[in-house]
Amino acid sequence: MGSKWRKLKLALGLDSCVHIPRAFDDSSAAYARFSGGTSPTVVSPAGDTSGYRPSTPTPSSSGLRLPKSGPKSPKGTCAICLYTMKPGQGHAIFTAECSHSFHFHCITSNVKHGNQICPVCRAKWKEVPFQGPATNTPHDMPRINHVSPRDEAWTTVIRRLPSPQGDAGRQISSLYHVTEPAVFDDDEALDQQISVTHHKNETDHDIINTVEIETYPEVSAVPKSASHDAFAVLIHLKAPRSGRKQDIDGNNTELPPPVENSRASVDLVTVLDVSGSMAGTKLALLKRAMGFVIQNLGPSDRLSVIAFSSTARRIFPLRQMTDTGRQQALQAVNSLVSNGGTNIAEGLRKGAKVFADRRCKNSVSSIILLSDGQDTYTVNSRPSIGTDYQSLVPNSIHRNNGMGMQIPVHAFGFGSDHDATSMHSISEISGGTFSFIEAEDVIQDAFAQCIGGLLSVVVQELQVEVRCVPPHLQLSSVKAGSYQTSLMANARLATINVGDLYAEEERDFLVTVNVPVDESRDEMSLLIVRGLYRDPITKEMVALEENNEVKIQRPEIGGGELVVSIEVDRQRNRLRAAEAMTEARVAAERGDLSAAVSVLDNCHKALSETVSAQTGDRLCVALSAELKEMQERMANQRVYEQSGRAYVLSGLSSHSWQRATARGDSTDSTSLVQAYQTPSMVDMVTRSQTMVFGAPQNKRVLRPAKSFPERQRRQ
């Protein structure tokens, strides 16, 4: 039989081994294993109507090859997890060329971390195991995976066996066999030593962490005899750098403790859609993306995983991502199977409960929500602008709820069939962002960009105060996007609640005042800008001591035409583009796509004539590219329904929060639409894109992710 298998490999032109998904339900009698001299097979667990279960693809330098000499019967204890190894226990067993055996999922995780030597005898392996995604294939027929350029090293042969039919109820119950307490107060205690260590470098920390505030008046001078209504002043904020730049090699576990203590630790809850439409490639890619998240969280960060379909279940409690925690988290994620409907509200309720019931908490808290469908349990109406999505989000995480926990939900719409309107609404209600994952193989990059920000929070609870100086001066407007603003009744004082900032993240706010005639002075003070925020590491409130006073000259007569500030002009362009996107979306939702395209085109032309655009300003170039892209996605109703709506909403989310979101190919280094990316985000995305082979890959061909993996895709 072994000889036939080798001939089959040669005929197919392959030199890689079968990826064998292990049985995730311990109650299942089915299992997959390697044995000497026999060809590998995939056995579907009882009730799995998909025929196979994909597992988290793990990159490796080569495929696992069958030993030429039959391996010894796997016995004894796995040297990695220390559990016993016996054939028939539902776990694949790998025997290395040095004759030592391990659980397949244990050794592949070990290899993923870069270890290519035997954990027992330290022999250097020439052939290392890895796991790769499997594609749907006809029954009992070997096929070669169709792979994207990024996954070309993961070519796999798979044999699919028929699975029992008509047992959907048992399949659903198998997903939620994990016991779940009534109260989620079983979160792992935080290491007190970590919270103390930072005091050693407190002086350096104070030097590093200062928020920069700069102000730019629209023009530098207004004649004494002239007034200027809606005079614009730009307030520019920039967060400090993180204590130390992240390593790009991804070996977080080997970093010394001071690196961990240089940033605020995170409590992260991922709420993942595992409904029936996620079956196949999408679930496999989700597992891979979650594997990346797990590997890049530090030992002081904590992770919990919620899986939802028709109902929701906490499959992994809030645990620190130590080596043991990571291994347990990876196993929990690998246990996911797809079935049932889509109950987003229940998933978010469980996610919020993790935060509400925890006994202790890290400085930064966030939820990552991913779904490829529509909630059919809470919102029954067709998605539209007027639909109320408040019921999808637990009250405890509403950002405008004064008693809320301030937990932003960063929502990711996966594929063309998700409800972009509801996902965008969820993110807006909670204070998070909405990203559109159009291409299925971009999911890991999208997650990477998100956690690149979350793992670099250097400012919390930032509040900016703008006060008028002359007694007769009043503020006429404060343009701050989705940020909560308040304007006193006398219009002389305004506050902007900015909240958290990632390392080196920037914010720009435009305020306008009515400058009156003033013959009494040659220089006029308009505004004073102050700031106050909490340091996430020391937990202390920090007041920005240096007051930023906005002044303009008041000459006797005008000295000719004054040049408008480039900084003010580019931010006006950003606001103008965001307003056009909003107006175009309203027109598109009422079915008037021609009007929507016209709005975007007019804005594009207006931007091209501005001073900042003519100087080649990068933000203006990105806005122009984004407006053109939106026009193309509104070509007809079908295109708008498939991708246009989600693309526009993700863009609006990005501009309203001035924070990077994933949409289209925005995570690709060659994309023009990369507004608001921070260095830490770029570093993490680069890490994601280079982790397969350790070197940058060619630009990927983007493939839309569908909710029905059985459809054949034409390349």
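Per chain, residue numbering runs from 1 following the sequence as it is written. Thresholds applied to this predicted model are a pLDDT of at least 70 for local features of residues and 80 or more for the giving and counting of side-chain atom pairs; totals over whole chains, interfaces and linings are not thresholded and use all residues. In computing side-chain values, all of the structure's heavy atoms are included and hydrogens and water are not.

Draft legend 1. The arrangement of a negative patch on the surface in detail. Each patch is built from residues lacking any salt bridge and having more than 30% relative accessible area; the joining distance is 9 Å for like charges and 5 Å for nonpolar side chains (Val, Leu, Ile, Met, Phe, Trp, Tyr). Values of accessible area rely on a 1.4 Å probe in the Shrake-Rupley scheme; residue burial ignores everything except the protein chains shown. Salt bridge, as applied in this entry: a Lys or Arg side-chain nitrogen positioned within 4 Å of an Asp or Glu carboxyl oxygen. Charge convention: Lys and Arg are scored as positive, Asp and Glu as negative, and His as well as the terminal groups of each chain are ignored. Note that the charge is assigned to NZ on lysines, CZ on arginines, CG on aspartates and CD on glutamates. Residues Glu212, Glu214, Glu506 and Glu567 make up a contiguous surface patch of negative charge. Looking at the element boundaries, Glu214 is found in strand E5 (residues 212–217). Accessible area is worked out with a 1.4 Å probe on protein chains only. A residue is then buried under 20% of its type maximum, exposed over 50%, and partly exposed in between. Residue classification places Glu214 among the partly exposed residues on the basis of a relative accessible area of 35%. By definition, any uninterrupted DSSP run of H or I lasting at least four residues is a helix, any uninterrupted run of E lasting at least two residues is a strand, and each is numbered from the N terminus.

Draft legend 2. Broad picture of the packing of helix H7 (residues 281–296) against helix H8 (residues 323–334). For the pair H7 and H8, the least separation of the axes is 10 Å and the interaxial angle reads 165°. Overall, the two elements H7 and H8 adopt an arrangement that is roughly antiparallel. You can see that H7 and H8 cross each other, and the crossing is right-handed. For the pair H7 and H8, the contacting residues are Lys287, Met290, Gly291, Ile294 and Gln295 in the first and Arg326, Ala329, Leu330, Val333 and Asn334 in the second. Polar here means any residue outside two lists: the nonpolar Ala, Val, Leu, Ile, Met, Phe, Trp, Tyr, Cys and Pro, and the charged Asp, Glu, Lys and Arg; Gly therefore counts as polar. A class-by-class count of the residues in the contact of H7 with H8 yields five nonpolar, three polar and two charged. Lines are fitted to the C-alpha atoms to define the axes, a helix being fitted only along its stretch in contact, and any angle between axes, read from their N-to-C directions, falls within 0 to 180 degrees. For classification, angles of less than 35 degrees are called roughly parallel, those exceeding 145 degrees roughly antiparallel, those between 65 and 115 degrees roughly perpendicular, and all remaining angles oblique. By definition, turning the near helix anticlockwise from the far helix through less than a right angle yields a left-handed crossing, and turning it clockwise yields a right-handed one. The contact criterion used is simple: two residues touch if any of their non-hydrogen atoms lie within 4.5 Å.

Draft legend 3. Up close: the packing of aromatic side chains. Pairing of aromatic side chains here covers Phe, Tyr and the six-membered ring of Trp, requires ring centres within 6.5 Å, and sorts the geometry by plane angle: under 30 degrees stacked, over 60 edge-to-face, intermediate tilted. Within the structure shown, the criterion is met by three aromatic pairs. For the ring pair Phe412 and Phe447, a centre distance of 5.0 Å and an interplane angle of 70° mean the geometry is edge-to-face. Highlighted residues: Phe412 in strand E11 (residues 409–414) and Phe447 in helix H11 (residues 443–454), separated in sequence by 35 residues. Taking relative accessible area as the criterion, Phe412 reaches 2% and is therefore assigned buried. Considering the side-chain rings of Tyr483 and Trp657, the 5.0 Å spacing of their centres and the 90° angle between planes classify their relative orientation as edge-to-face. A residue pair is termed long-range when its members are at least 10 positions apart, and Tyr483 in the loop between strand E14 (475–479) and strand E15 (484–487) and Trp657 in helix H16 (residues 637–657) qualify at 174 residues. Residue Trp657 is classed as buried on the basis of its relative accessible area, which comes to 7%.

Draft legend 4. Structural context of helix H13 (residues 593–608). The end-to-end C-alpha distance of H13 is 23 Å, a good match for the 22 Å that 16 residues give at a rise of 1.5 Å each. Every buried residue belonging to H13 is among Leu593, Ala596, Val599, Leu600, Cys603 and Leu607, and all of these are buried. In an axial view of H13, the angular spread of the buried residues amounts to 125°, which keeps them on one side of the axis. Tucked into the core, H13 has its buried residues touching helix H12 (566–589), helix H14 (611–614), helix H15 (618–632) and H16. Here the expected length of a helix is defined as 1.5 Å per residue gap, with one fewer gap than residues. Relevant arc is that of directions from the helix axis to the C-beta atoms, nothing else.

Draft legend 5. Examining the confidence of the model for the chain more closely. On a range of 0 to 100, pLDDT expresses the predictor's confidence in each residue. Summing up the model confidence of the chain, the mean pLDDT is 77 and the portion of residues at 70 or higher is 69%. At the low end of the mean pLDDT range in the chain sits strand E4 (residues 157–158), at 24; at the high end sits strand E7 (residues 266–273), at 98. Overall, residues 5–74 carries pLDDT values under 50, and its contacts beyond four positions in sequence, including any with other chains, amount to 179 contacts. In this model residues 244–260 is a low-confidence stretch, pLDDT under 50, and it forms 27 contacts with partners more than four residues away in sequence or in other chains.

Draft legend 6. Just the sheet that holds E7, in detail. Taking strand neighbours across the sheet as the criterion, the six strands line up as E9-E8-E7-E10-E11-E12 in an open arrangement whose pairing is mixed. Both edges of this open sheet fall to strand E9 (312–320) and strand E12 (434–437), since each of them pairs with a single strand only. This sheet shows a mean twist of 15° between the axes of neighbouring strands, independent of strand direction. Strand pairing follows a simple DSSP-based rule, namely that at least 2 bridges must link the two strands. Both strand E10 (residues 364–371) and E11 contribute to a ladder of five bridges, which runs parallel. Counted as the bridge partner of Leu369 is Ala411 from E11. Across the face of the sheet, H7 comes into contact with E7, strand E8 (302–308), E10 and E11 while running at roughly 175° to E7.

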